[in-house]
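# Architecture and fold: a report
Below are the chains, spelled out letter by letter.
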Amino acid sequence: MFRLDDRVAIVTGGFRGIGRSLCVTLASQGARVVAVDVLDEDVGHGTVVEAKDAGGQVELLRCDVTNEDAVFEAFEGVKKRLGRLDILVNNAGIARDMLLMRVSAEDIEKTFAVNVTGAIYCAKAAIRPMMRAKSGRIVNLTSVVAELGNPGQVVYGASKAGLIGLTKTLAREYASRGVTVNAVGPGYIDTDMTRNLPEEAKDFMLAQVPLGRIGQPQDVANAVLFLCSDEASYITGQVLRVNGGMYV
Ligand code: NDP
């Protein structure tokens, strides 16, 4: 179940954090995975090694998802080299946390550029081969914050809510072409993004998780794998929440 043999997948933000786990998990199920990230390839080396240990293969590609030309070129290169593109996971994301009073235009611009505009550029670059093949999977990483709200995350929360609108719209736009588009909404997950939070913020978050533990990147990867698989072919336009019950 949930095998992805011969599929080609692009995972943005795949050099570390949840993205690394997504790459390793998809590759372990047979997909040829390309991890796209702005970071130095040295950072992404861990993704390659972990995938190899899991019996899979990941290649690294440096690309900034906020640059439409760079995205188009990167995706064209993947299609030429690997012959197809079946799966896109829009995982690249940034969070600049602050109260509304301190938010600057640059914070808003940068956060939306990566979290929303970048996802749109990637979907735009990926949709043509999927339409031609009459099959494809797009999964967008949103957040529990989009639906629950969280003080200090006004810009991030708005951007992640934008991704839910994007997901539902694309789902309707491409259903007739055999492409499903869904979102995965992680709650409080153990990555660098959350490890750097102040201790009291971590305690506050944990207290809101009915299952009583912080989520692991693998918990998120399992949900993304499912949505990318043939077994999820009748699911589109949905948000699959991976949050330990934080938002029900
Ligand atoms: P990380 O910050 O650990 O990883 C995100 C990756 O995306 C980084 O490698 C980052 O590079 C990369 N990235 C940032 N900007 C760009 C860009 N312009 N082009 C390409 N890649 C880029 O985040 P997480 O692994 O924690 O989160 C992954 C996703 O899950 C994000 O969308 C996040 O919002 C979402 N999420 C995470 C939660 C959590 O608890 N961790 C909870 C809910 C949602 P760089 O380091 O240079 O920024």
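Description of the structure in this document. (Residues numbered from 1 in each chain as written. Predicted model: local features only at pLDDT ≥ 70, side-chain atom pairs only at ≥ 80, totals over all residues. Heavy atoms only, no water.)

## A look at the site of the ligand
For the record, the criterion: Any residue with a heavy atom lying within 4 Å of a molecule or strand is counted as near it. A 3.5 Å cut-off defines polar contacts: any pair of N or O atoms within that distance qualifies, except that in protein one atom must be a possible hydrogen donor and the other a possible acceptor, and neighbouring residues in sequence count only when both atoms are side-chain atoms. The Shrake-Rupley method, run with a 1.4 Å probe sphere, supplies the accessible areas, and residue values consider only the shown protein chains as cover. Helical segments are the DSSP runs of H or I of at least four residues, strand segments are the runs of E of at least two, and each set is numbered from the N terminus.
Looking at the ligand, there are 26 residues lining it, with R16, D37, N91, Y156 and T191 nearest. Here an oxygen atom of the ligand sits 2.8 Å away from a polar atom, N or O, in the main chain of N91. Notes on the ligand: free accessible area 880 Å², of which the protein chains cover 91%. Those elements giving two or more residues to the shell around the ligand turn out to be α1 (17–28), α6 (154–174) and α7 (192–195).

## Brief notes about the packing of aromatic side chains
Which entries qualify depends on this criterion: Only the six-membered ring of Trp is used, alongside the rings of Phe and Tyr, when aromatic pairs are assigned; centres must lie within 6.5 Å, and planes under 30 degrees apart are stacked while those over 60 apart are edge-to-face, with the rest tilted.
Tallied over the full model, the rule gives one aromatic pair. Judged by centre distance (5.5 Å) and plane angle (70 degrees), the ring pair of F2 and F226 falls under edge-to-face. In this pair, F2 is assigned in the segment before β1 (8–12) and F226 in helix α9 (residues 217–228), connecting sequence segments 224 residues apart.

## Here we look at the environment of D86
You can see D86 is positioned in the loop between α3 (68–82) and β4 (87–90). Along the chain, D86 and N140 lie 54 residues apart, while their C-alpha atoms are 15 Å from each other. A polar contact of 2.7 Å, which involves the side chain of D86, links it to the backbone nitrogen of V8.

## What to know about the packing of α1 against helix α2 (residues 41–53)
The line we're drawing: Between the N-to-C directions of two axes lies an angle of 0 to 180 degrees, each axis being a line fitted to C-alpha atoms and, for a helix, fitted only over the stretch in contact. An angle below 35 degrees is read as roughly parallel, one above 145 as roughly antiparallel, one from 65 to 115 as roughly perpendicular, and any other as oblique. If you view the pair so one helix is near and one far, a crossing is left-handed when the near helix is turned anticlockwise from the far one by less than a right angle, and right-handed when it is turned clockwise. Residue contacts are defined here by distance: any two heavy atoms, one from each residue, within 4.5 Å place the two residues in contact.
At a minimum axis distance of 9 Å, the contact between α1 and α2 shows a crossing angle of 25 degrees. Accordingly, the angle class assigned to the pair α1 and α2 is roughly parallel. Regarding α1 and α2, the two cross each other, and that crossing is right-handed. Seen from α1, the contacting residues are R20, C23, V24 and A27; seen from α2, they are V43, G46, T47, E50 and A51.

## So, the side chain of T167
Using the following cut-off: Whether a residue is buried, partly exposed or exposed follows from its accessible area with a 1.4 Å probe, protein chains only, as a fraction of its type maximum: under 20%, in between, or over 50%, in that order.
Among the structural elements, T167 can be located in helix α6. Accessibility expressed as a relative area gives 1% for T167, which makes it buried. When neighbours within four sequence positions are excluded, T167 is seen to be in contact with N140, V181, N182, A183, G237 and Q238.

## Description of α2
In an α-helix, one turn spans 3.6 residues; hence positions three or four apart end up facing the same way. Selection rule: The span you would expect from a helix comes to 1.5 Å times its residue count less one. Regarding the arc, it is the one traced by the directions from the helix axis to the C-beta atoms.
When the terminal C-alpha atoms of α2 are compared, their 18 Å separation across 13 residues agrees well with the 18 Å that a helix rising 1.5 Å per residue should span. For α2, the full list of buried residues reads G44, T47 and A51. Seen from one end, α2 has its buried residues packed into an arc of 35 degrees, which puts them on one side. More than 90 degrees from the buried face of α2, the exposed residues found are D42, K52 and D53. Looking at the buried side of α2, the elements it contacts are α1 and β3 (57–62). Note on α2: the residue one or two positions beyond its end, G55, has a positive phi of about 85 degrees.

## Here's the deal with unusual backbone geometry
Phi is positive for F2, close to 60 degrees, though the residue is something other than glycine. F2 sits in the partly exposed class, given a relative accessible area of 26%.

## A closer look at the nonpolar core
We count it as follows: Residues enter a nonpolar core if they are buried and are Ala, Val, Leu, Ile, Met, Phe, Trp, Tyr or Cys, with the set joined through side-chain atoms within 4.5 Å.
In terms of nonpolar packing, the biggest core is built from 31 residues, with L22, L26, V33, V89, V184, V220 and V224 touching the most fellow members. Counting only elements with at least two residues in this core, the list comes to β1, α1, β2 (32–37), β3, β4, β5 (136–141) and α9. Setting aside anything within four residues of it in sequence, one finds V33 in contact with A9, V11, C23, L26, A27, Q57, V58 and E59. Counting residues in hydrophobic clusters, the runner-up holds 30 residues, among them C63, V65, L85 and V179.

## Things to note about helix α4 (residues 105–133)
Filter applied, for reference: Note that bend, as reported per residue, equals the angle between axes fitted to the 7 residues terminating at that residue and the 7 residues originating from it.
End to end, α4 covers 41 Å across 29 residues, agreeing with the expected 42 Å (1.5 Å per residue, within 8%). Where α4 bends most, at A113, the angle is about 45 degrees. Following α4 by one or two positions, K134 has its phi on the positive side, about 55 degrees.

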